[in-house]
Each structure stands twice: as structure tokens, then as C-alpha cells.
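# Breakdown of the fold
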Amino acid sequence: MTETCHKIIMGLHNFLKEYIHGFWDYETPKVMVVKNRTLGVIYRGVQFLVITYFIWYVFISQKAYQESETRPESSVYTLMKGSAIHGDEILDTVEYAQPSEGGDVISTILRREFTFNQRQGTCAEHFNVADANCTTDSDCVEGEVNFSGHGRRTGRCVQYYNHTFKTCEIQSWCPIEEYAVVREPPLEEAINFTVFIRNSIHFPKFKVLRGNIKDARNKRDIKRYLNKCHYDEERDPYCPIFRLGYIAAQARENFSELCNTGGVIGVFINWKCNLDLDPSHCKPTYSFRRLDLRKDLPDAGYYYRFAKYYSKDGEETRTLIKAFGIRLDIIVHGHAGKFSPIPTIISTVTAMTSVGICTIICDWIMLTFIDKNEVYSERKFDEVIKEPTNPIPTELSYINSFGSNHSDLSDGVPL
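Residues numbered from 1 in each chain as written. Predicted model: local features only at pLDDT ≥ 70, side-chain atom pairs only at ≥ 80, totals over all residues. Heavy atoms only, no water.

### Looking at the overall build of the protein
In terms of regular secondary structure, the protein is built from ten helices and 20 strands. Across the 415 residues in the protein, those meeting the buried criterion constitute 35%. Residue pairs in contact within the protein that sit at least 24 positions apart in sequence constitute 68% of those at least 6 positions apart. If you sum the accessible surface of the protein, you get close to 27,200 Å²; carbon and sulfur atoms cover 55% of it. (Helix = DSSP H or I, 4+ residues; strand = E, 2+ residues; numbered from the N terminus. Buried < 20%, exposed > 50% of the residue type's maximum accessible area, 1.4 Å probe, protein only. Contact = heavy atoms within 4.5 Å. Areas by Shrake-Rupley, 256 points an atom, 1.4 Å probe, with all protein chains shown as cover.)

### Considering the packing of aromatic side chains
By the definition in use, this model includes 23 aromatic pairs. Residues Phe127 and Phe165 carry aromatic rings whose centres are separated by 5.6 Å and whose planes lie at 90° to one another, so their mutual orientation is edge-to-face. A residue pair is termed long-range when its members are at least 10 positions apart, and Phe127 in the loop between strand E8 (105-124) and strand E9 (133-134) and Phe165 in the loop between strand E10 (152-159) and strand E11 (166-174) qualify at 38 residues. What makes Phe127 partly exposed here is its relative accessible area of 33%. Given a relative accessible area of 32%, Phe165 falls into the partly exposed group. Centre to centre, the rings of Tyr303 and Phe324 are 5.4 Å apart; their planes meet at 45°, and the pair counts as tilted. On the criterion of sequence distance, the pair formed by Tyr303 in strand E18 (residues 303-312) and Phe324 in strand E19 (residues 315-339) is long-range, its members being 21 residues apart. Under the relative-accessibility criterion, Tyr303 is labelled partly exposed at 33%. (Phe/Tyr/Trp six-rings, centres within 6.5 Å; stacked < 30°, edge-to-face > 60°.)

### What about the pattern of salt bridges?
Think of it this way: side chains of opposite charge can pair up when their charged atoms draw near. Scanning the entire structure with this criterion turns up 15 salt bridges. A salt bridge links Glu95 to Arg112, with the shortest nitrogen-to-oxygen separation between them at 3.9 Å. A residue pair is termed long-range when its members are at least 10 positions apart, and Glu95 in helix H3 (residues 93-96) and Arg112 in strand E8 qualify at 17 residues. The exposure class assigned to Glu95 is partly exposed, which follows from its relative accessible area of 31%. Connected via shared salt-bridge partners are Glu95, Arg112 and Glu184. (Salt bridge = Lys/Arg side-chain N within 4 Å of Asp/Glu carboxyl O.)

### So, helix H9 (residues 357-370)
Compared with an ideal rise of 1.5 Å per residue, which puts 14 residues at 20 Å, H9 spans 19 Å between its outermost C-alpha atoms and is within 8% of the ideal. When we look at burial in H9, the residues that qualify are Cys358, Cys362, Ile365 and Met366. Each buried residue of H9 lies within a common arc of 100° when the element is viewed along its axis, so the set occupies one face. Away from its buried face by more than 90 degrees, H9 exposes Ile360 and Trp364. (Expected span 1.5 Å × (residues − 1). Arc of directions from axis to C-beta.)

### Some thoughts on the side chain of Asn36
Along the chain, the position of Asn36 falls in the loop between strand E1 (32-33) and helix H2 (37-61). At a separation of 3.1 Å, a polar atom in the side chain of Asn36 contacts the main-chain amide nitrogen of Thr38. (Polar contact = N/O pair within 3.5 Å; in protein donor to acceptor, adjacent residues only side chain to side chain.)

### Details of unusual backbone geometry
The residue after Cys174, namely Pro175, is reached through a cis peptide bond having omega 0°. We note that Lys63 has phi near 50°; this positive angle belongs to a residue other than glycine. Within the secondary structure layout, Lys63 lies in the loop between H2 and strand E2 (66-69). Judged by its relative accessible area of 27%, Lys63 is partly exposed. In this structure, Asp131 takes a positive phi of about 60° despite not being glycine. Looking at where Asp131 falls in the secondary structure, it is placed in the loop between E8 and E9. For Asp131, a relative accessible area of 64% translates into the label exposed.

### Some thoughts on the pairing of E19
Bridging between E2 and E19 involves four bridges; their strand directions are antiparallel. Bridging from a neighbouring strand, Glu67 pairs with Lys338 of E19. Bridge analysis of E8 against E19 gives eleven bridges, and the strand direction is antiparallel. Within the sheet, the bridge partner assigned to Ile106 lies in E19 and is Leu328. Relative to E19, strand E16 (residues 263-274) is paired through twelve bridges, and the arrangement is parallel. What sits directly across from Lys272, in E19, is His335. By the bridge criterion, ten bridges tie E18 to E19 in an arrangement that is antiparallel. Looking across to E19, one finds that Ser311 is bridged to Glu316. Hairpin remark: E18 followed by E19, antiparallel, with two residues in the connecting loop; positive phi at Asp313, about 55°. (Pairing = 2+ DSSP bridges.)

### Describing helix H8 (residues 341-354)
When the terminal C-alpha atoms of H8 are compared, their 20 Å separation across 14 residues agrees well with the 20 Å that a helix rising 1.5 Å per residue should span. Residues of H8 that are buried make contact with H2, E2 and E19.

### What to know about the state of the cysteines
According to the stated counting rule, one finds five disulfides in the structure shown. Disulfide pairing places Cys123 opposite Cys174 at an S-S distance of 2.1 Å. Here the S-S torsion is close to -75°, and the disulfide linking Cys123 with Cys174 is therefore left-handed. Taken together, the residues Cys123 in strand E8 and Cys174 in strand E11 connect sequence positions 51 residues apart. A relative accessible area of 8% places Cys123 in the buried class. Between the sulfur of Cys140 and that of Cys168 lies a disulfide, 2.0 Å long from S to S. Linking Cys140 and Cys168, the disulfide has an S-S dihedral of approximately -90° and is accordingly described as left-handed. With a gap of 28 residues between them, Cys140 in the loop between E9 and E10 and Cys168 in strand E11 connect regions that are remote in the sequence. The class for Cys140 is buried, based on a relative accessible area of 6%. Note on Cys168: relative accessible area 0%, which makes it buried. In the protein, numbering the disulfide-bonded cysteines from first to last in sequence yields the connectivity 1-6, 2-4, 3-5, 7-8, 9-10. A disulfide-free cysteine, Cys358 has its sulfur positioned 6.8 Å from the sulfur of Cys362, the nearest such atom. (Disulfide = S-S within 2.5 Å.)

Structure (C-alpha cells):
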């Protein structure tokens, strides 16, 4: 047991001694030239692809030499304008815009459904509600509330308004919406309503503040410009006023269908700023896309309900309004970049290091597909089985004077 421990300790001692002595040695890889046209073409081709990738995509397209900021501070102000004649009514902003002056969300009413003169009382439940149809009072449970229905059941089975069948009676605002609703035609003139979108964006890292309104010398010029402009990607890309019809068309939606079902459209403001140039070159671009479920799916579209309350014959009465419309969600994305030495150095070192992958690929091709007679593998790898007593010169040796360890395999190697 003692002899075994002694051998282990001596072996560990020799290992540490060799490691410490070898730690200060310098090693260099052996260079081997293989004159094979196919392998050379592959090597230079891979080099070209790697270098092209870093120059064109990494440095030019992605601007890897820049320090970037992708979480800017942003504010949005929206205002809808327009008027329309709807029957005998003149509708203005207060009637159709919710809210009339908003933030990053604004909606406009395109169609309404009215249920007039609703009062608190009892009436028949709608027949499409689960377990609402009945024949006797015993089919209706008093006090039961169906959350897909309209109110609390009284326990009575009553005639459904002017029809012959019966449903359970409920305590609610009566008459119910499905029975007494009055639908008005859509507001087609809303296609010419306009939305003013003012967006300010701040990149705190670079201390740059920009807005989406065209630069002008004074406020009078800005006001004159805004009174006559409408956004167009080609003719007027710096105007922040958009027609609803233009927004729907850019989102690939039919405006007449939106009037019937409503919908939610995203207005994307994209800021991509190269701050190596003057900040005045930092301008937004716009894109539009529908965000809600498609019109061919259940519960598609956008609508909401509200009521107008008043007193009639001394009793509280209301008019229930179901409004269908377009809701605009203003979504801002920002990215700014400016030259910085640190990302430049990191990207350059990464590019230079990645060129080394060419050697790995070509070595694998050479040893796997070309080295049929194992000539290359014998010259590339040195296997030391036992340390010789006398030094044997090899391609990997210490260089004591000017010389070269360059090995050329162009002669005598069958390819």
C-alpha cells in the first residue's frame, strides 16, 4: 500500500514538473502546402464568401461598426377631422371620434345600431340564449343569471313579445337589444375623414430628438403646409395627415366591408436613423396592417356599446348604441446608430477570426475525400509513441537560427 502511494505521488510530481517546464514553451502550427487546384478553388471560394458576408452584410447592411439604441422614448398625439351628412344629421368630430383628441389609439364610428327607450323592468329573454326557451314556469329557475344572456330570471315563462313561443322572463333593461334594435346605414363618407398623427421620438443615448412633421422656418409655414397636405409615400412622405380611405387601402382592406364589421388597423411608424449623418436625415416611414381577426372568423371586427341616459315620464330611460368602426393603433419602432470604436474592433476581430473557418473546411475535405492513400494525414499529424534518446529532426522543431519549416507536398504525391 505504501509503495503504491509512493508511485502515485512520484507520478504526480513528474507530471507537475513537466507541465511547469512546458508551460513556457512556444508552439507554432506546421505549414503544409498542397498543390491541388480543386482544393485551392474551394479554399479561395470560401474565403471570398466569408469576407463578402462581413463586408456587405455585417458592416454595410447591419452597420456593425455603430453603437445602437433600440428603445427610444416616444409620444403620440392624434386628432381626427371631418364632417358628414347622415340622413338629416350633420356629424362632426364629437359624434364619431372616440376620443376626439387621443393618444396612440383613436377610433371612428362608421355604423350604429340603436335600441331606443330601454327601461329597467321585466321582459322575455332572447331565444338564442342557452336554456331560455320554456313551456312552463318550472323550466325557469328564479334568480338564475346566465352570463351570455341579458339579466336575472324571475322564474316565470312568458310569451316572447309578439311571437307564439315562450322564453324565460328576466329582470333587465327592456326591451332587449336583439328584439328592438334599429340599424342605420353605414357612414360611407368617412372614407375622406383625416387623422393627424404627431409623433416625437427621443434617443437619450445620443441626445437626439426628432418629430415626424416637415421642418419649416416658422410656425406660419408649418400651419400653411399642414392645411393642404395629405400623406402619400411618393408625393408627400413627410405629411402627418392620413385619409381613412388611404389607410384602409394600404392595409389591403375594403372600406365598405370595414363600415359593416369594423376592424383594428395598426399604423406602424418606423424610425431608422444613421446618426453618422446630420440628424435632419432621420425621417420616419409608415406601414399599415390589420391587427384583429379576419372578417371570415367569428367575432371578427371592432365594435363597442355605450348608452345615452335621459328621463322620460319621470323614469330613467336610455338609448343603447352599438357602434362599429375603425380603431387605429399607433405603434412606434425606433433604431438609431452612431460610429463607435468598440463595436468596430469587436466586429473586425470577429471577421478576421471567422476567416479561419476556411482552413477547417478545406482540411476536412482534404482528409475525407482527397487523401485516399493517407499521404496528407501522415505529413499533417506527428504521432510520438516513445520519446527517443537522440533528437530526431521533424517539421515541428525548435528554430535556433534563420530558417523555415515549410513543407511542400507538390512532388511525389499522387492526387
